[in-house]
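A structural walkthrough
In case you want the letters, here they are:
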Protein chains: 4
Amino acid sequence: MSTEGTAANQSPGRPGETAGSIGGESAPHGGKGAYSETRIRVRYAETDQMGVVYHANYLIWFEVGRVEYLRDKGFSYRDMEKEDRCGIAVVEARCRYKAPARYDDVVIIRTRVARQRGSILHFTYEAIREEDGLLLAEGETIHVVIDDKFEPCYLPEKYREGIGG
Amino acid sequence: MSTEGTAANQSPGRPGETAGSIGGESAPHGGKGAYSETRIRVRYAETDQMGVVYHANYLIWFEVGRVEYLRDKGFSYRDMEKEDRCGIAVVEARCRYKAPARYDDVVIIRTRVARQRGSILHFTYEAIREEDGLLLAEGETIHVVIDDKFEPCYLPEKYREGIGG
Amino acid sequence: MSTEGTAANQSPGRPGETAGSIGGESAPHGGKGAYSETRIRVRYAETDQMGVVYHANYLIWFEVGRVEYLRDKGFSYRDMEKEDRCGIAVVEARCRYKAPARYDDVVIIRTRVARQRGSILHFTYEAIREEDGLLLAEGETIHVVIDDKFEPCYLPEKYREGIGG
Amino acid sequence: MSTEGTAANQSPGRPGETAGSIGGESAPHGGKGAYSETRIRVRYAETDQMGVVYHANYLIWFEVGRVEYLRDKGFSYRDMEKEDRCGIAVVEARCRYKAPARYDDVVIIRTRVARQRGSILHFTYEAIREEDGLLLAEGETIHVVIDDKFEPCYLPEKYREGIGG
């Protein structure tokens, strides 16, 4: 599993969950188009008594991937909520589990925008075990951009081109 | 929103999240076949800064629904893991969000077995706001029955007929 | 473990996590003063790979206990936030773990108000395994009442007497 | 807020939540002795409808800090559980909240071992907002080393000296 695509995020001063810059134009596991990579170390709290990561946590990781994708594109989701008074609500989420992630594994979340049309955004994700490149899960989420009254609205123009899809 | 189907679970001594007995043969929102109902009061911890329930929590609620469905059928998932050395691993999960659940709402999780074949189990769910019967979300999960080495196996015979699907 | 104190909450129509009415004036495990009881069924998501409930979940359960305590006193924390524009922020939390809770256990959260003075509220909790009355954990939380600007304020008068402490 | 102590963990190939090497012998906020630093980016899932991080999450972050402290000392908690068949169970946890962490904040968890005696381990933590060095919370956890039958045991010798305290 090459980590070249993420070299940029290892520079000093890059805090938090280490997110890769836009990694490339192709990927070993399905999908196409530019992607972003985020590394997440599995927390003890995320395991369950089967000894593996509890399945709902992947949706949380996908969200981390989504936010880091936006950051890689130059956008802050926090500012989008605060300054542009709009949010990205989830209208559908889906995950297919291929192999279990385990405690202390480093999991790469590879995030892409599959489609963007009007107020609809469609992301896809792969969760990959860093150690050996094993695909753990893949998923999609569909979102609607909403204003502060929870009404669908267009993505502010400054985001539209940059986000891709 | 009729709660007749759940009268049984209001009897004294019924602890924990109140789960309905098998509720009936039809339902206002899609699906068919016998269902089970579980009531969940939204916890503060389950909300996010949008002021609604964070979307990953629905997968947790679906699991609560699944376990209560089994209990309604006379089975304990805890015993299945402990005594029969087999588990029900999630291989796919999907949720479509229709309307946000909010803090302190009582949400009914209506659970059905859609299919059971070999080692595969397929559940469907509706999350319904108790106050007014509004459909908040609907979802599906697909499972494979596994032994204690994480290998697919058949559901022990005693469960097969009872579970339905 | 007597459950007499909670008979009231088993009446039909009482939704969500079953919370007892104010249960009595004394308790087997420490503490004194009127208490409220809430029953929580351990979710699979709350376990970790040690096969027991992950310790942070007790703080979530304590909060469920707190809200049900208020409900038993005739108050809705949801309305307090919405209508009275004030919240109860946590300034300190503490938990001592005595014995592990396990998946599918029913855990009774017994909640008391230990003190109420000005904008400070002090709650205590016991987590008790329903099956045999075993004390699983005990804890305290200290809170400050805040207005919608996160500034300390007095608890609105209507709540002050009712809450106790 | 100096980040010099964490320069080491920014080297390429350091995956997961970025954890500092043992940072120094003193710290601005209380405590003494060598500490370890871990950076955590606040996830949306960790916020609640008050618009701040839900308080129970700090216990999860403290655990991340604990594991990274051990890693900095050359130990893997995963291997301790797997190879040495012993775990570090929480017997007490405490947190004092000073200021709210918010979505997308980078929070530094500064972890120390305060004491180690027999099978007892005592950790202390500070949660610090990276942006401006503001102390968000401080806490302690007390642990007992247990074997795979949940009986107290001594920490395997190889860990004893290295861990400190």
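Residues numbered from 1 in each chain as written. Chains lettered and ligands numbered in written order. Predicted model: local features only at pLDDT ≥ 70, side-chain atom pairs only at ≥ 80, totals over all residues. Heavy atoms only, no water.

A separate point is the overall build of chain A. Along its length, chain A carries three helices and five strands. Seen in sequence order, chain A has helices and strands lined up from the N terminus as β-α-α-β-β-β-β-α. A burial count over chain A gives 64% of its 165 residues as buried. In chain A, the share of contacts with a sequence separation of at least 24, taken over all contacts with a separation of at least 6, comes to 62%. (Helix = DSSP H or I, 4+ residues; strand = E, 2+ residues; numbered from the N terminus. Buried < 20%, exposed > 50% of the residue type's maximum accessible area, 1.4 Å probe, protein only. Contact = heavy atoms within 4.5 Å.)

This next bit is on helix H1 (residues 57-72) of chain C. Residue and element names in this part refer to chain C. Its 16 residues place the ends of H1 23 Å apart at the C-alpha level, agreeing with the 22 Å of an ideal helix rising 1.5 Å per residue. Across the 16 residues of H1, 16 count as buried, placing the element largely inside the fold. Positive backbone phi, at 100°, marks Gly74, one or two positions downstream of H1. (Expected span 1.5 Å × (residues − 1).)

We now examine the sheet that holds strand S2 (residues 86-97) of chain D. The strands making up a sheet associate through backbone hydrogen bonding, with each pair oriented either parallel or antiparallel. As summarised here, the arrangement of the 10 strands in space is S1(C)-S3(C)-S4(C)-S5(C)-S2(C)-S2(D)-S5(D)-S4(D)-S3(D)-S1(D), forming an open sheet in which the pairing is antiparallel. At either margin of the open sheet sits one strand with a lone partner, and together these are strand S1 (36-41) of chain C together with strand S1 (36-41) of chain D. Pairwise comparison of adjacent strand axes, ignoring direction, gives a mean angle of 25° for this sheet. (Pairing = 2+ DSSP bridges. Axes fitted to C-alpha atoms, helices over the stretch in contact; angles between N-to-C directions.)

Attention now moves to the pairing of strand S2 (residues 86-97) of chain B. Two faces make up the sheet, and in a regular strand the side chains alternate between them. Residues and elements named next belong to chain B. Burial within S2 is extensive, with 10 of its 12 residues counted as buried. In this structure, S2 lies alongside strand S5 (residues 135-147), joined through 11 bridges in antiparallel fashion. If you follow Tyr97 over to S5, its bridge partner there is Ala137.

Every contact between the two is made by nine residues of chain A and, on the other side, nine residues of chain C. Both faces considered, chain A and chain C share a buried interface measuring about 930 Å² in area, 58% of it formed by carbon and sulfur atoms. Remark: the boundary between chain A and chain C carries zero salt bridges. Split into classes, the residues belonging to the side of chain A that touches chain C amount to five nonpolar, three polar and one charged. (Buried area = accessible area lost by both parts, 1.4 Å probe. Salt bridge = Lys/Arg side-chain N within 4 Å of Asp/Glu carboxyl O. Nonpolar A, V, L, I, M, F, W, Y, C, P; charged D, E, K, R; others polar.)

Moving on to the sheet that holds strand S4 (residues 120-129) of chain B. On the basis of which strands lie adjacent, the open sheet formed by 10 strands has the order S1(A)-S3(A)-S4(A)-S5(A)-S2(A)-S2(B)-S5(B)-S4(B)-S3(B)-S1(B) and antiparallel pairing. Since the sheet does not close on itself, it has two edges, and those belong to strand S1 (36-41) of chain A together with strand S1 (36-41) of chain B, each with one partner. The average undirected angle you get between the axes of adjacent strands in this sheet is 25°. Relative to S2 of chain B, strand S2 (residues 86-97) of chain A runs antiparallel, the two sharing five bridges. From the neighbouring strand, Arg94 of chain A faces S2 of chain B, where its bridge partner is Arg94 of chain B.

What follows concerns the nonpolar core. With 93 residues, the main nonpolar core has Tyr58 and Trp61 of chain A together with Tyr58, Trp61 and Tyr77 of chain B as its most contacted residues. If you look at the next biggest cluster of nonpolar residues, it comprises 89 residues, including Met50, Ala99 and Ala137 of chain C together with Leu136 of chain D. (Core = buried A, V, L, I, M, F, W, Y, C linked by side-chain atoms within 4.5 Å.)

Here we come to the relation of the copies chain A and chain C. Mapping chain A onto chain C calls for a screw motion: a turn of 180° about the axis and a shift of 0.0 Å along it, with 0.0 Å RMSD after fitting. Considering both components of the superposition, the chain copies are consistent with a two-fold axis. Both copies present the same face, since 100% of the interface residues in chain A are matched by interface residues at the equivalent positions in chain C. (Least-squares fit on C-alpha atoms with pLDDT ≥ 70 in both.)

Looking now at the pattern of salt bridges. Residues and elements named next belong to chain A. If you walk through the whole model with that rule in mind, you get 68 salt bridges over all chains. Between Arg112 and Glu126 there is a salt bridge, with its nearest N and O atoms 3.0 Å apart. Remark: Glu126 occurs in strand S4 (residues 120-129) and Arg112 occurs in strand S3 (residues 106-117); sequence separation between them is 14 residues. Residue Glu126 is classed as buried on the basis of its relative accessible area of 4%. One salt-bridge network, in which partners are shared between bridges, spans Glu37, Arg39, Arg110 and Glu130.

Evaluation of the coordinates by the stated rule reveals 36 aromatic pairs over all chains. Considering the side-chain rings of Phe75 of chain C and Tyr159 of chain C, the 4.8 Å spacing of their centres and the 70° angle between planes classify their relative orientation as edge-to-face. Note that Phe75 of chain C is positioned in the loop between H1 and helix H2 (77-83) and Tyr159 of chain C in helix H3 (residues 157-163), a separation of 84 residues in sequence. Here the two residues Phe75 of chain C and Tyr159 of chain C agree in accessibility, since each one is buried. Relative to Tyr103 of chain D, the ring of Tyr44 of chain D has its centre 4.9 Å away and its plane inclined at 75°; by these criteria the two rings are edge-to-face. Placement of the pair is Tyr44 of chain D in the loop between S1 and helix H1 (57-72) and Tyr103 of chain D in the loop between S2 and strand S3 (106-117), with a sequence separation of 59 residues. Since its relative accessible area comes to 3%, Tyr103 of chain D is described here as buried. Sitting over the face of the ring of Tyr35 of chain B, Arg110 of chain B holds its NZ or CZ atom 4.6 Å from the ring centroid. Seen from the ring of Phe150 of chain D, Arg102 of chain C lies directly overhead, with NZ or CZ sitting 5.4 Å from the centre. (Phe/Tyr/Trp six-rings, centres within 6.5 Å; stacked < 30°, edge-to-face > 60°. Lys NZ or Arg CZ within 6 Å of the ring centre and 35° of its normal.)

With that settled, consider the side chain of Ser36 of chain B. The residue Ser36 of chain B is located in strand S1 in this model. Residue class for Ser36 of chain B comes out buried when judged on its relative accessible area of 0%.

Before going further, it helps to examine the confidence of the model for chain A. Residues and elements named next belong to chain A. Averaged over every residue, the pLDDT of chain A is 85; residues scoring 70 or more account for 80%. Within the model, the stretch residues 1-16 combines pLDDT values under 50 with 42 contacts to residues more than four positions away or in other chains. Note on residues 26-31: pLDDT is under 50 here. Beyond four places in sequence and across chains, it has 14 contacts. For this predicted complex, the interface confidence reaches an ipTM of 0.85, while the overall pTM sits at 0.87. (pLDDT = per-residue confidence, 0-100.)

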